[in-house]
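A structural walkthrough
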Amino acid sequence: MSAADTAEYRIAHLRDRLASEDIAELGVRIEQRGTNVMLYGTVSSAACRAEILRIAQEELTGLPLREDLVVASASPPDHSEELS
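Residues numbered from 1 in each chain as written. Predicted model: local features only at pLDDT ≥ 70, side-chain atom pairs only at ≥ 80, totals over all residues. Heavy atoms only, no water.

**Considering the overall build of the protein**
- Looking only at helices and strands, the protein features 2 helices and 3 strands.
- Since a compact globule built from 84 residues should have a radius of gyration of about 12 Å, the 16 Å found for the protein marks it as more spread out than a globular shape.
- In terms of overall dimensions, the protein has a C-alpha envelope of 60 × 30 × 15 Å along the principal axes.
- Counting over 84 residues, the protein shows a buried share of 27%.
- Long-range contacts, defined here as pairs at least 24 residues apart, represent 57% of the contacts in the protein between residues at least 6 apart.
- Surface accessibility of the protein: about 5,800 Å² in total, with carbon and sulfur atoms responsible for 51%. (Helix = DSSP H or I, 4+ residues; strand = E, 2+ residues; numbered from the N terminus. Rg over C-alpha atoms; globule rule 2.2 N^0.38 Å. Buried < 20%, exposed > 50% of the residue type's maximum accessible area, 1.4 Å probe, protein only. Contact = heavy atoms within 4.5 Å. Areas by Shrake-Rupley, 256 points an atom, 1.4 Å probe, with all protein chains shown as cover.)

Structure below.
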């Protein structure tokens, strides 16, 4: 099995874990870009983001990991919007 095949297998396993464990996160995209693995998308909380990164680091140990996970703000605005 080549290094590329191994990386694809590990990425698929990471997708399965993110979908099936308590986190049940389906909104995170995972792509292999050259030798790097990229995680991106929007998550519901900082705790969810931290858990996703922890699981990704477990599954992808030894692979360069990049991430662009944005935490969605679900809080109401703290001021009124000015319309002109």
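**Description of the side chain of R17**
- Checked against the element boundaries, R17 lands in helix α1 (residues 3-20).
- Since its relative accessible area comes to 14%, R17 is described here as buried.
- A distance of 2.7 Å separates the side chain of R17 from the side chain of E59, its partner in a polar contact.
- In contact with R17, not counting residues within four places along its chain, are I23, I55, E58 and E59. (Polar contact = N/O pair within 3.5 Å; in protein donor to acceptor, adjacent residues only side chain to side chain.)

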